[in-house]
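Per-entry structural report
Here is how the chains run, residue by residue.
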Amino acid sequence: MDLRYHGVEPKRRAVQDLIINDTVSADLRFVASTASGDANDWRRAASCSPTPLQGPGIVTCVGIDVLPFSQTTFQMAFVVDADFVALTTTGELPISNRACIRPGAFIDPNVANNCDTETDLVKELADLKVTKISEPHDTVRAGEIFTYTIFVDNLGPSVARNVVISDTLLNSSNVSIQSCAFSVSQGGGAITQFTCTTGPLVSTQFGSDIGTFRTNILDPLSPTSQGRLRASFRLVARGQIDLTNTVRVTSATPDLDMSNNMAMDTISVTAVSDVSVTKSATAEEQQTNQPGLIFNNAVFGQVFPTAPNYFSSIRVTAGRRIRYTLVVTNNGPSRAENVVLTDRLPAGVRYYQGSLTVTRDPAGAAPPVLLPAGGVQHRHARRRERPADVRAGHAAHRRGGSG
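Scope of this entry: the structure provided in the associated data block. Per chain, residues are indexed from 1 in the order of the written sequence. In view of the model being predicted, local features appear only for residues whose pLDDT reaches at least 70, and side-chain atom pairs are presented and counted only at 80 or more, with totals across whole chains, interfaces and linings using the full set of residues. Side-chain calculation: all heavy atoms of the structure are included, whereas hydrogens and water are not.

Some remarks on the overall build of the protein chain
Here a helix means four or more residues in a row that DSSP labels H or I, a strand means two or more in a row labelled E, and each is numbered from the N terminus. A tally of helices and strands in the protein chain yields one helix and 29 strands. Evaluated residue by residue, the protein chain yields a buried proportion of 40% over its 403 residues. Taking contacts inside the protein chain between residues at least 6 apart in sequence as the whole, the part at least 24 apart equals 75%. Accessible areas in this description were obtained via Shrake-Rupley with a 1.4 Å probe; residue shielding takes into account the shown protein chains only. Roughly 21400 Å² of accessible area belongs to the protein chain as shown, and the carbon and sulfur atoms make up 52% of that amount. Three exposure classes are used, based on accessible area relative to the maximum for each residue type with a 1.4 Å probe and protein chains only: buried under 20%, partly exposed in between, and exposed over 50%. It only takes one pair of heavy atoms within 4.5 Å for two residues to be counted as in contact.

Set out below in structure tokens:
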């Protein structure tokens, strides 16, 4: 503020060493003045003290000199508290400062103008900055948990009102939220919204909302306040995908630099499939006191085993059939592409034509089958079951004896 004092002493004498009292309100802090350089024309140095002073209080300026029919101007600097308008709905409030000349050894015919009040409108302004970090930083394997951590700082100068963090995953196929967390530092205000639903994300054309968090105020960075918000998410992806995550921070307080209100992070998920195969066998064994039969490999669809002559056993009678059952399982977490199953026949065993059956769990179209000489090969060109399905499919084979 500028202070101007007019000298109109009737005998045309300079007024020396005036004392001025400036009333500092509770929301102001006096930090400096130019009195020593601008209000000093005589021997005694002009000054204002105490410096600094956090209101409420009075700053006293002494040694102020004013020439007759002239004026002396000097400045006093104040800082408005950062939270002065934090609890308002409009973000602005008036503030007043009053200065008075203390009566002294001079004649003043008009004391009515020895005090003056200046009223100013205080408006808010903040600079919010958002930072996003992913761990692991660049790549992760499907099924492994990865974390997004968000930090929001208020670089000031004012307290920010109604701060909102919105986090969006642009492509979220086969991604699930495991957990969410939101915390405020000292000066972070009160949490007024915590929206985060764990479980599979629903993908839309505008991306998938991971979470929205809100706090009523956020103090600026200062020696006594960290002025920081922190949000974190733990996610897991089931298949190969390149994820792009964006976060935005807004507030009801005008922001002088919007370029740092958004952050983006990318992470690549590598598909992982744990494919396993199990194989079991049952065979036809000759029933005691039953005649033997010659197996006809040219007749399709013969019941296994051929009763009452033969029964299922872990042993096989020469010339009879062995049934091999293979189960291919994908233990996840990703879908397995182009899975190839190769089954080699033992020496002395030949394939019983037409006996191969292929099923899937869940039920679906059977994959194509190639039958090269001396073995059976199943090639799954495309798997349509979900990546999390445990049983990817099974195949049953009946083998005929060689004699």
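The discussion continues.
Let's talk about the state of the cysteines
The term disulfide is used for any two cysteine sulfur atoms that are within 2.5 Å. For the structure on display, the rule yields three disulfides. Across the disulfide, cysteine 48 is cross-linked to cysteine 61 (sulfur-sulfur distance 2.0 Å). Its S-S torsion of approximately 110° makes the covalent link between cysteine 48 and cysteine 61 right-handed. Taken as a pair, cysteine 48 in strand β4 (residues 47-49) and cysteine 61 in strand β6 (residues 57-66) lie far apart in primary sequence, 13 residues in all. In this structure, cysteine 48 and cysteine 61 share a single accessibility class: buried. The disulfide bridge from cysteine 100 ends at cysteine 115, spanning 2.0 Å between sulfur atoms.

Re the pattern of salt bridges
We count a salt bridge whenever a side-chain nitrogen from Lys or Arg sits within 4 Å of a carboxyl oxygen from Asp or Glu. Following the criterion strictly, the structure yields nine salt bridges and no others. If you follow the salt bridges from partner to partner, you end up with Glu284, Arg320 and Arg321 in one network.

What about the pairing of strand β18 (residues 228-237)?
The two faces of the sheet receive side chains in turn, since in a regular strand these alternate between them. Within β18, seven of the 10 residues are buried, which leaves the element mostly enclosed by the surrounding structure. Pairing of strand β12 (residues 145-154) with β18 involves nine bridges; the strand directions are antiparallel. The residue of β18 that forms the bridge with isoleucine 150 is alanine 231. The pairing of strand β14 (residues 175-184) with β18 spans nine bridges and is classified as antiparallel. Looking at the pairing, phenylalanine 182 lines up with alanine 231 of β18. The pairing criterion is simple: DSSP has to find at least two bridges between the two strands.

Some remarks on unusual backbone geometry
Following threonine 51, the chain continues into proline 52 via a peptide bond in cis, with omega recorded as -5°. Relative to the helices and strands, proline 52 resides in the loop between β4 and β5 (53-54). The omega torsion of the bond from glutamate 135 to proline 136 falls at -5°, within 30 degrees of zero and hence cis. Within the secondary structure layout, proline 136 lies in the loop between β10 (128-135) and β11 (139-141). Even without being a glycine, aspartate 17 presents a positive backbone phi close to 55°. Along the chain, aspartate 17 turns up in strand β2 (residues 15-24). Backbone geometry places asparagine 289, a non-glycine residue, at a positive phi of 65°. As for its position among the elements, asparagine 289 is in the loop between β21 (273-286) and β22 (310-313).

Quick look at the sheet that holds strand β9 (residues 115-123)
The strand order across the open sheet formed by five strands is β4-β6-β2-β8-β9, and the pairing between neighbours is antiparallel. If you trace the sheet from one side to the other, it starts and ends with β4 and β9, each paired once. On average, adjacent strands in this sheet sit at an angle of 20° to one another, irrespective of strand direction. As paired elements, β2 and strand β8 (residues 92-101) share four bridges and run antiparallel to each other. If you follow aspartate 22 over to β8, its bridge partner there is alanine 99. Here, axes are lines fitted to C-alpha atoms. For helices the fit covers the stretch in contact, and angles between N-to-C directions go from 0 to 180 degrees.

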